Amino acid sequence: MPEGHTLHRLARLHQRRFAGAPVAVSSPQGRFADSAAAVDGRVLRRTSVWGKHLFHHYTDGPIVHVHLGLYGSFTEHATPMPAPVGQVRMRMVGAEYGTDLRGPTVCELIDDAQVADVVARLGPDPLRRDADPGWAWARITKSRRPIGALLMDQTVIAGVGNVYRSELLFRHAIDPYRVGRAITEAEFTEAWTDLVALMKIGLRRGKIFVVRPEHDHGAPSYLPDRPRTYVYRRAGDPCRVCGTTVHTAELEGRNVFWCPECQR
């Protein structure tokens, strides 16, 4: 599932490509047809993001809400757009570029009050200027759930996915199974500051960079086009720092990765 920085990059891209001018919106697949017709030809005023939720704000009020989920993606083309391929839920076409949305978990037309309802269910987004880490800390310090689960809970912190979760805990030597109430405020503050910095790098560069320069050598990443990670998808491999075998287990339905020596 795309992590928060990916949605912020998409929002910035769509702002550049489409904002300030009328946009042709359609639903070749048909599942979004009525809502697409309601915004077709309107001016896209702006885009916004909270966590993994993307919003397109059109003139006179309508807002398209997109959550990509596990399988959703946007594919961009220069105009004129080619014929739709596959199940295109929503097509947006501007003067010079168009984009096709396929496979989202959510693609719906909502209003400002409904946007507020979505945001009210989410924790702070580290990439937003108005993020309040105190909100997340208040939830974590009262919880008996493992910190590895809390970091993936979008009602605690919005935008963190499995890569940032596993890598952040490694960088701060925190066992993913330590309960939230056992995390110190100093540990949380340091980890939050680091998370903001890491996600800003991901936003700027389009990929998640988490390995410090002194450790960025040895075994390649889990995929050829991805930067190295410390523990994510490295189960059974030696830790880049201490050589101990990296472990993995299922934690609340998602695989978590950690080094049992570095993260005691």
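Predicted, not measured: the structure shown is a model, and the values here were computed from it. (Residues numbered from 1 in each chain as written. Predicted model: local features only at pLDDT ≥ 70, side-chain atom pairs only at ≥ 80, totals over all residues. Heavy atoms only, no water.)

### Re the UniProt feature "domain: FPG-type" (unreviewed entry) in the protein chain
Line of reasoning, step 1. The feature "domain: FPG-type" (unreviewed entry), as annotated in UniProt, sits at residues 230-264 in this numbering.
Line of reasoning, step 2. Helix makes up 0% of residues 230-264 and strand 29%, with an end-to-end C-alpha separation of 15 Å. (UniProt positions renumbered as here; feature names shortened; annotations may be inferred. Helix = DSSP H or I, 4+ residues; strand = E, 2+ residues; numbered from the N terminus.)

### Some words on the pattern of salt bridges
Line of reasoning, step 1. Evaluated as defined, the whole model comprises 12 salt bridges.
Line of reasoning, step 2. Here D100 and R102 are joined by a salt bridge, their closest N and O atoms 3.9 Å apart.
Line of reasoning, step 3. A single network of salt bridges, built from pairs that share partners, joins R91, D100 and R102. (Salt bridge = Lys/Arg side-chain N within 4 Å of Asp/Glu carboxyl O.)

### Details of the sheet that holds strand β2 (residues 44-50)
Line of reasoning, step 1. On the basis of which strands lie adjacent, the open sheet formed by four strands has the order β2-β3-β4-β8 and antiparallel pairing. At either end of the open sheet lies a strand with only one pairing partner, and these are β2 and β8 (106-110). Within this sheet the neighbouring strands show an average axis-to-axis angle of 20°, counted without direction.
Line of reasoning, step 2. Relative to strand β4 (residues 63-67), strand β3 (residues 53-58) runs antiparallel, the two being bridged by five bridges. (Pairing = 2+ DSSP bridges. Axes fitted to C-alpha atoms, helices over the stretch in contact; angles between N-to-C directions.)

### Digging into the side chain of S221
Line of reasoning, step 1. Locating S221 in the fold gives a position in the loop between α7 (185-205) and β9 (247-251).
Line of reasoning, step 2. Among the polar contacts made by the side chain of S221, one reaches the main-chain carbonyl oxygen of R226 at a distance of 3.3 Å.
Line of reasoning, step 3. A distance of 2.8 Å separates a polar atom in the side chain of S221 from the backbone oxygen of P227.
Line of reasoning, step 4. Here S221 is in contact with R226, P227 and R228, once residues within four sequence places are set aside. (Polar contact = N/O pair within 3.5 Å; in protein donor to acceptor, adjacent residues only side chain to side chain. Contact = heavy atoms within 4.5 Å.)

### Some thoughts on the packing of aromatic side chains
Line of reasoning, step 1. Following the criterion strictly, the structure yields six aromatic pairs and no others.
Line of reasoning, step 2. With 5.2 Å between their ring centres and 80° between their planes, Y222 and Y232 make a pair best called edge-to-face. With Y222 in the loop between α7 and β9 and Y232 in the loop between α7 and β9, this pair connects stretches of sequence that are 10 residues apart.
Line of reasoning, step 3. Residue class for Y232 comes out buried when judged on its relative accessible area of 14%.
Line of reasoning, step 4. Lying across the ring of Y97, R17 places its NZ or CZ 3.6 Å from the centre.
Line of reasoning, step 5. For R205, the ring lying beneath its charged end belongs to F209, and the centroid distance is 3.8 Å. (Phe/Tyr/Trp six-rings, centres within 6.5 Å; stacked < 30°, edge-to-face > 60°. Buried < 20%, exposed > 50% of the residue type's maximum accessible area, 1.4 Å probe, protein only. Lys NZ or Arg CZ within 6 Å of the ring centre and 35° of its normal.)

### Describing the sheet that holds strand β7 (residues 97-102)
Line of reasoning, step 1. Strand order across the open sheet formed by four strands is β1-β6-β7-β5, with antiparallel pairing between neighbours. The open sheet has two edge strands with one neighbour each: β1 (24-26) and β5 (73-78). Looking at each pair of strands side by side, their axes are set apart by 15° on average, direction ignored.
Line of reasoning, step 2. Seen against the sheet, helix α1 (residues 4-18) touches β5, β6 (88-93) and β7 and runs at an angle of roughly 140° to β7.

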